[in-house]
Amino acid sequence: MEPLLFDLSRAHRQNSHHDPASWAEDAGAVSQEGAGTPPLQPFLRQQAVPLPEVSELEVVRHFTRLSQRNFSVDTHFYPLGSCTMKYNPRICNTVAMQAGFLHRHPLTSTSQSQGVLACLYELQEMLCTLTGMTAVSLTPMAGAQGEFAGVAMIRAYHQARGDRQRTEMLIPDAAHGTNPATAALCGFTVREIATDAQGDLTLTALQAAVGPRTAGLMLTNPSTLGVFERRITEIARIVHDAGGLLYYDGANLNAIAGRIRPGDMGFDAIHINVHKTLATPHGGGGPGAGPVGVGERLRPFLPIPMVGRDGHGTYHWLTTTEFPQSIGRLSTFHGNIGVLLRAYAYLRLTGAQGMRRVADYATLNANYLMARLAQAGFQTAFPARRATHEFIITLKGEAQQWGVTALDFAKRLLDYGFYAPTVYFPMLVPECLLIEPTETESRETLDRFVEAMVAIRQEAMQDPQRLREAPHAIPVPGGGTSRLDDTQAARKPDLRMPL
Amino acid sequence: MEPLLFDLSRAHRQNSHHDPASWAEDAGAVSQEGAGTPPLQPFLRQQAVPLPEVSELEVVRHFTRLSQRNFSVDTHFYPLGSCTMKYNPRICNTVAMQAGFLHRHPLTSTSQSQGVLACLYELQEMLCTLTGMTAVSLTPMAGAQGEFAGVAMIRAYHQARGDRQRTEMLIPDAAHGTNPATAALCGFTVREIATDAQGDLTLTALQAAVGPRTAGLMLTNPSTLGVFERRITEIARIVHDAGGLLYYDGANLNAIAGRIRPGDMGFDAIHINVHKTLATPHGGGGPGAGPVGVGERLRPFLPIPMVGRDGHGTYHWLTTTEFPQSIGRLSTFHGNIGVLLRAYAYLRLTGAQGMRRVADYATLNANYLMARLAQAGFQTAFPARRATHEFIITLKGEAQQWGVTALDFAKRLLDYGFYAPTVYFPMLVPECLLIEPTETESRETLDRFVEAMVAIRQEAMQDPQRLREAPHAIPVPGGGTSRLDDTQAARKPDLRMPL
Amino acid sequence: MPFIPHTASDVQEMLAVLGVESLETLFEEVPTELTWAGPLDLPPPLSEMALARLMRERAAQDAPLLCFTGAGAYEHHIPAAVWELATRGEFYSAYTPYQAEASQGTLQVLYEYQSMMAALLGMDVVNASLYDGATALGEAILMAIRAKPECARRVLLPTTVHPHYRQVVESMLRGLEIEVVSVPYCTEGGHTVPEVLSQWESRSFAALVIPQPNFFGILEEIHTLTDWAHARGGLLIGLVNPLSLGMLQPPGQWGRQGADIACGDGQPLGIPLSSGGPYFGFMGCKQAYLRQLPGRIAGRTIDKKGEPGFVLTMQAREQHIRRAKATSNICTNQGLMTVAATLYLALLGPQGLRRTAEACHAHTVALAERVCAIPGVTLLFHRPYFHEIALRIPASVPRLLTRLEQQGIGGGVALAPLYAELEDTLLLCATEARTREDCDHFARTLATLLAEEH
Amino acid sequence: MPFIPHTASDVQEMLAVLGVESLETLFEEVPTELTWAGPLDLPPPLSEMALARLMRERAAQDAPLLCFTGAGAYEHHIPAAVWELATRGEFYSAYTPYQAEASQGTLQVLYEYQSMMAALLGMDVVNASLYDGATALGEAILMAIRAKPECARRVLLPTTVHPHYRQVVESMLRGLEIEVVSVPYCTEGGHTVPEVLSQWESRSFAALVIPQPNFFGILEEIHTLTDWAHARGGLLIGLVNPLSLGMLQPPGQWGRQGADIACGDGQPLGIPLSSGGPYFGFMGCKQAYLRQLPGRIAGRTIDKKGEPGFVLTMQAREQHIRRAKATSNICTNQGLMTVAATLYLALLGPQGLRRTAEACHAHTVALAERVCAIPGVTLLFHRPYFHEIALRIPASVPRLLTRLEQQGIGGGVALAPLYAELEDTLLLCATEARTREDCDHFARTLATLLAEEH
Ligand SMILES: Cc1ncc(COP(=O)(O)O)c(C=O)c1O
Ligand SMILES: Cc1ncc(COP(=O)(O)O)c(C=O)c1O
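Residues numbered from 1 in each chain as written. Chains lettered and ligands numbered in written order. Predicted model: local features only at pLDDT ≥ 70, side-chain atom pairs only at ≥ 80, totals over all residues. Heavy atoms only, no water.

Caption draft 1: Layout of the sheet that holds strand β4 (residues 179–183) of chain C. Residues and elements named next belong to chain C. In spatial order, the strands read β2-β8-β7-β6-β5-β3-β4; together these seven strands make up an open sheet with mixed pairing. Edge positions in the sheet fall to β2 (125–126) and β4, since each of these pairs with one other strand and no more. Direction of pairing for strand β5 (residues 207–212) relative to strand β6 (residues 235–240): parallel, over a ladder of six bridges. What sits directly across from Pro211, in β6, is Leu239. Set on the sheet, helix α9 (residues 222–231) makes contact with β3 (154–158), β5 and β6; between it and β5 the angle comes to about 170 degrees. (Pairing = 2+ DSSP bridges. Helix = DSSP H or I, 4+ residues; strand = E, 2+ residues; numbered from the N terminus. Contact = heavy atoms within 4.5 Å. Axes fitted to C-alpha atoms, helices over the stretch in contact; angles between N-to-C directions.)

Caption draft 2: Region of interest: the domain arrangement of chain C. Residue and element names in this part refer to chain C. Splitting chain C by domain gives domain 1 (66–75 + 349–453) and domain 2 (80–343). For domain 1 and domain 2, the distance between their C-alpha centroids amounts to 28 Å. With 29 residues of domain 1 at the contact, the number on the domain 2 side is 34 residues. Both faces combined, the contact of domain 1 with domain 2 buries some 2300 Å², and carbon together with sulfur accounts for 68% of it. When the buried area of domain 1 at its contact with domain 2 is split by residue, Phe381, Arg383 and Phe386 rank highest and sum to 30% of it. At the surface where domain 1 touches domain 2, the tally comes to one salt bridge. The closest approach of N and O atoms between Arg383 and Glu221, which form a salt bridge, is 2.7 Å. Taken together, the links from domain 1 to domain 2 amount to 10 residue pairs in polar contact (both at pLDDT 80 or more). Listed by contribution, the elements that provide at least two residues to the side of domain 1 that touches domain 2 are α11 (335–372) and β12 (389–392). If one sorts the elements of the side of domain 1 that touches domain 2 by residue count, α11 sits on top with seven residues. In terms of residue class, the side of domain 1 that touches domain 2 is built from 18 nonpolar, five polar and six charged. (Domains from an automatic or database assignment. Buried area = accessible area lost by both parts, 1.4 Å probe. Salt bridge = Lys/Arg side-chain N within 4 Å of Asp/Glu carboxyl O. Polar contact = N/O pair within 3.5 Å; in protein donor to acceptor, adjacent residues only side chain to side chain. Nonpolar A, V, L, I, M, F, W, Y, C, P; charged D, E, K, R; others polar.)

Caption draft 3: Representation of the state of the cysteines. What the rule picks out here adds up to zero disulfides over all chains. Free of any disulfide, C:Cys360 has its nearest neighbouring cysteine sulfur in C:Cys429, separated by 7.0 Å. Cysteine D:Cys285 is unpaired, with the sulfur of D:Cys263 as its nearest cysteine sulfur at 11 Å. On the accessibility criterion, D:Cys285 (0% relative accessible area) is buried. (Disulfide = S-S within 2.5 Å. Buried < 20%, exposed > 50% of the residue type's maximum accessible area, 1.4 Å probe, protein only.)

Caption draft 4: Structural detail: the environment of B:Ala183. Residue and element names in this part refer to chain B. By the element assignment, Ala183 lies in helix α7 (residues 178–185). Taking the C-alpha atoms as reference, Ala183 lies 43 Å from Gly479; in sequence the two are 296 residues apart. Every residue in contact with Ala183, bar those within four places of it in the chain, is listed here: Val151, Met169, Ile171, Phe188 and Val190.

Caption draft 5: View of the pairing of strand β5 (residues 207–212) of chain D. Residue and element names in this part refer to chain D. In terms of burial, β5 is a largely internal element, six of the six residues being buried. Side chains of β5 alternate between two faces, with Ala207, Val209 and Pro211 and Leu208, Ile210 and Gln212 buried alike. Across two bridges, strand β3 (residues 154–158) lies against β5 in parallel orientation. Following the sheet pairing, Leu156 is matched in β5 by Leu208. Once you follow β5 into helix α9 (residues 222–231) and on to strand β6 (residues 235–240), the crossover reads as right-handed. (Right-handed = clockwise from strand over helix to strand, strands pointing away.)

Caption draft 6: Fine view of the pairing of strand β8 (residues 306–309) of chain A. Residue and element names in this part refer to chain A. In the sheet, β8 pairs with strand β9 (residues 315–318) via four bridges, with the strands oriented antiparallel. Residue pairing in the sheet places Met306 in a bridge with Leu318 of β9. The loop that links β8 with its antiparallel partner β9 comprises five residues; one of these, Gly313, has a positive phi angle of about 80 degrees.

Caption draft 7: Summary view of the interface of chain C and chain A. Residue-level contacts link 198 residues of chain C with 208 residues of chain A. When chain C packs against chain A, the two sides together hide about 17300 Å² of surface, and 62% of this comes from carbon and sulfur. Three residues, C:Phe3, C:Tyr92 and C:Glu101, lead the burial of chain C against chain A; their summed loss comes to 5% of the area buried on that side. Remark: the boundary between chain C and chain A carries eight salt bridges. In this structure, C:Glu13 and A:Arg443 form a salt bridge, with 2.2 Å as the shortest nitrogen-oxygen distance. Linking chain C with chain A are 95 residue pairs in polar contact (both at pLDDT 80 or more). Residue contributions to the side of chain C that touches chain A peak at 24 residues, all from α11(C). A breakdown of the residues in the side of chain C that touches chain A according to their chemical character gives 104 nonpolar, 58 polar and 36 charged.

Caption draft 8: Seen up close, unusual backbone geometry. Going from B:Asn221 to B:Pro222, the amide bond is cis rather than trans, its omega being 0 degrees. Among the structural elements, B:Pro222 can be located in the loop between β4 (214–219) and α9 (232–241). Put simply, C:Gln212 and C:Pro213 share a cis peptide bond, and its omega is -15 degrees. Tracing the backbone through its elements, the reader meets C:Pro213 in the loop between β5 and α9. Phi at C:Phe3 takes a positive value of approximately 70 degrees, unusual for a residue other than glycine. If you trace the backbone, C:Phe3 turns up in the segment before α1 (8–18). Non-glycine residue D:His387 carries a positive phi angle of around 60 degrees. Relative to the helices and strands, D:His387 is located in the loop between β11 (378–379) and β12 (389–392).

Below is the structure:
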């Protein structure tokens, strides 16, 4: 294991080139005796902060070596379903990291921020086009916050109409956890709608559930089951007829971008995970961004700020002055602008044709991989259905026969040099792997993945213990960690170095 | 092994976002039919260039994974003697990679290049101060080219004085290979001077060698043996009295920077390896830079261009107009400016105090490491001497007793996570390791290195075959290469992919 | 095709495996009326070269300003190594570390981040980040409400908290029937005084929020206020600038028992201004409230061989397990920013952090001296402050700011749009990055502009 | 202490191990009169923050120019991935790969570089880089002299070779009694013609150098000249722009037998202009001359387990083994630049390279059309060219260049200082990076300035 930074520490070691060497007379003293103001003394820390003291060279080494212990898109195939782990173009990072963007204070006047505002304005416009929505606010900082914005707008809409009884949000049982969590956070009661054997929403269940208490329905299409909800128009009609609105969870937009627009399917609000569809990096857990788009009805409620353009082509921030019914502010300033610039750059590189190709080839890759795995004897969750940009296989059979789980398969894939697909989500399908290859992977890579799966299945038959103990030999410097004990982690939480 | 790029290729795979998409009407046709000029046809390539065709994602993965297969200063202790592998401050890279420097054409007028010229001018001045020389030219692109400049100036000096018989260059037997190679390249005959048992130049041999044919002496001090040439003043007198000049190979300047100045030792010319003393990166083999400094006598002969400053503080290039006796131009434009900017940044960060500390702590680390290894039973080459910034141990005893070589020790160190010291140089000391820890390594790292050496010695005693077959398990992803066959490489050269 | 590696023959062969004629067939389940016929009305694709030029022009379109603006985002020195390392592909292009064994790099960094932040805040545990400071405050309030089911669903929120934060809190809590009580500030001191709080003496509340320093840069009476809240059965939420803690008392040591929850924005710890984001929110709490903490948490455990390793843990709190009953809906957080902050703290160390905080403050003091020497310019409040000052200015502040910008200076923030009663006032900040010449230049320019006004 | 990790107690403990009182003692062997007493007169140290600001100001001091200048260094699109990857610490901070097993990354890149460059040049083998194009030409000449001991120590060097290259060659060969014969160019075509060469018909020479394109951008009669040299027993050294080979015939296919040695500057392959360096020199040759090739060479071999791997090989040619008899004194070369070039070639691929070369040329043709429409402006030579043109201009060129620069345009190079006979001429270039608007803007500006001159 790479030692902890704390273990590399030695008292009084310093990187003095990062000492700001204040020019103000005797900074230490001044800090305690402001200009004519009462003394700072009572507010001062008594002991030094117990941080590690490490030389810059050791810091560089430590983090370089740590980075090498990660699987990532830049090093490995990463078929993590629902997460769209595709190539993050380096140019998008380079252009976003320019000093002119990085050193700009958020409260700089708009007249001195026209360059960045132009990008954001055009991004809003492009996202409207892409989703078939009327207006977009870029401020949500991730998909889940986009959901929050959408659901809060639905709430605001009903309230603005005086329709106060709509306290229920309908959510398919297969939905991502953020959907019910968000609904709850907005004060709604969650009502689950069942999925049928074909992966479609059960229309009878939906019909039974809708009514005057229905605020709306949260849906992603293609669904988290990797199939396209074919009766979406009918679903939309049912919900709308009952007075509810439709929220589109945009996490799966990669499947349909440039081909099918959520607006055309009847959705009233949508978020876009730019760290998925628009290829901004996931950064080991973020930052992402979750711009939210709406149709005409929800427009007045969009979160502020947004970017507007006046008759002279000058850009400015739109706030509650222009949007008095807004659900309000969702981030301190304007959201994750650095991420949005990367998304903007990506969209300018792809254009309309490019976005449509994204959907086409993501779909081709998923269907191809599904077909190859099915041919190799794996059980797909919905054999009668086309895959979208992702698909599910279930290892129920393998589990029963050889006592190996989806998790065992996942861990063993790491030994083969592949990141694992999403496991145990959606919860409906037992022992499931949700596999999303994305459009940026080559056929050769998919073929290698199939070979690995087949080899692991062979192992499961002949030496199931080998799987149960996987991973064994993850290819990282120094040799990888073997399977980690989650239970102990949760039972005896060790969440930081003791001081 | 990481596959070759060629193995990842697939016909017609393209990264079309790097297609410049020319706006000129039908670029393909135009290229064959210039504006009123004869057709290009006879000059055109018949077949496409047989380069690999790989997607950008695969290129990123390939090179990311390849990088992880390197040991480097940023990942490992790298005590490679004579090479000064110390921390390369990342800030020096960041400031040098700014657009304002990177996008500047070399033939931009000086009036539009004042920013970069200011840095270079100040660097010249600082290097004069640091070395005790009168003038510096920054143009040489590495140490060896700096040597070339120095030796060519010595030749030019003698010739300018009409002294045409000086055809011999004196070089200690312990010298680096570039010294004799450079002398030969300048048309000199090399005469080797022996080193005595204490690592000093044999003065009698020197006295016997000098004479009217002596053009000069090339020396590095501290020498490549890791000891300070104590009688340097006398040596300088002998050579000067014989009409020769003294060249200082600056590769070891890290040992004395800010403390002892080559100019004060009597040297007439010197190069500085900025990729050593001034912490610019070595880049897996360059680029470096080898600025050359001279005393008053050699000043007129400096290679052009240099940077001058006029009375108004405006900078300009100095060329043969100002230096008609110059040995001429050594690079197409002005040398490795990007590297020089890094050196400039480093010098501004350290200042005078910082440079002196470099020498102090490089020396402390080397002496400490030598003492610890000696205590542990290793044989140092010059036990009666102080180490400078580096020192030699000889494994002659180990070789005789257990049949393991310096190379075996070196290879085994890789398994322990250390890059190997320089082996078999200087050639004078049998089975030698030349060890240079540099000032940027902590005591803990040196202690760990001692432990590894002791452990390996133990292995040599108990299981010498283990050493002879090392390395076994270099910690890189996928597992490291075991010992590579140099002989086969040279006997059946495989120097590129066959087409 | 940009970013798509398929050759024409790949496509043919793959379709053959699928037994279909064309790509269109794969979309056959989509009702035709939903398929967009033509290409969308997006701008035509640019080559990378053209994009790079466009973005270079956009980045250079507005002149850089000499920054004296703070108000929640601060220009600090960021060691070059921070972003050179944080943007390494293995950090940059990885997902949330679900497969722990293949994500030890990110996980160990998170554990180190949690450790260092806990040390800085004086808190028992810290999560692996939230979106930003404002949402972190919102989450802290929700957490307090959950942690104190016996209390009324009420929180006391001083108006000395950043106005944008208060707006975000309002947006976040709107549907939840939580009463947010605005606590007015003392007009002399610009701080929150117990006398004003005493109105809620008898009413139950789940938490009192205390910002330190507050939006005006003023230091609050943290000890008194913390003890006040605890005495009345409420939790104390400390909202802090993490860099200030190089010098100021950590929330864990406020009052007799310390703050219960600490949160804030991590931007000062190595995150560039970036026009407002991405930054990151941090949150720590006492051990007792761990199970109410939102967001991801990394923990140390052992592997089959007994070697230490790291995993995401305590996941039962999270949306992907607990769904509608989760502590928060957060999923993607601001992971890479915590990598940067960990690097920043590691490179600065305790001494560097203290010296930076001291320099920030000393420079602001020096700036205060200079500007207060200009006739008519005075400090608005007379209390200790940290690295940010509110000034009364004898001029129209919006016009002044415009004129400062024309001279290349980002001259702070007008308070009036945020506090209607604070006409003709300005919030200014000078971090360690402001040199003596910068401060002299600012004061000179301000004096000249003010003189011209009259 | 910047970059030095020693604490005071480290120093004490280490000195104790050494049994000395102070650091000074370690320098006791140095004669005291040689020790510099005080601190040197260097500027005081800057913090990283201050340095970053200084360098930001220096980098921004001169306005960027719209570049129409070539003359040996060309502004091309460089994919962002090139330098993001090349500056990864493991490439950036490694040494020359002496310990092959711990340097497989660098070594495999070198092998791939050699393979791709050999493919591009049509050469059997390529070395792992030299300093730059000019020194590569010098080394090529030295190599030819070594390879042809039976010939006179004489080379034929056309004046159509870059004047700076010729100066460097002169500096490099000065001590070695090698005759460098300047071959004048044809004043109509701007190229080297066999008729002029025929003066040396009967005199032995080791090599003829042919630049393609030459300094004027003109394409030389490579086939005729190659065959001419071979017929007379000399080697043919092709000096080429590697990017042009996306479109033009590779040296390996010149004439009946191909060039024997190919060399040039690798800058167009992904290396930024950088005010002139670092760039890199490349060199390839026929198999027969391998043992005369200077510089490092990587080779593929196998390890103990029979797995393929890479090493530096053929080291018997080099200074560290052969010393005074080495093929060159080169040691440190331009390694990292070859990493960048390998990335560049990998990302562009054959199609990208061809399309780039075609765009460069098409843009120069379009530029030629535009400027030649201005009264008095004409092409100097009437021969096929590649991506660079020499123009006759009805004005003082130095003044014109100054005025263009004042308008933000890098307007090419005056030829007169380099070729005294070429008064009022200008060398211009438009790469793929120049847009239609750029070229229109240039032509318009030029027209206006020329009109003002009259
Ligand atoms: C289907 C689905 N919905 C919502 C989300 C939440 O998005 P984010 O992680 O950006 O908050 C995800 C992300 O994993 C998802 O896969
Ligand atoms: C003692 C000595 N002299 C000269 C050189 C040559 O310097 P460079 O590699 O920069 O050409 C070296 C480099 O290894 C060296 O160690």
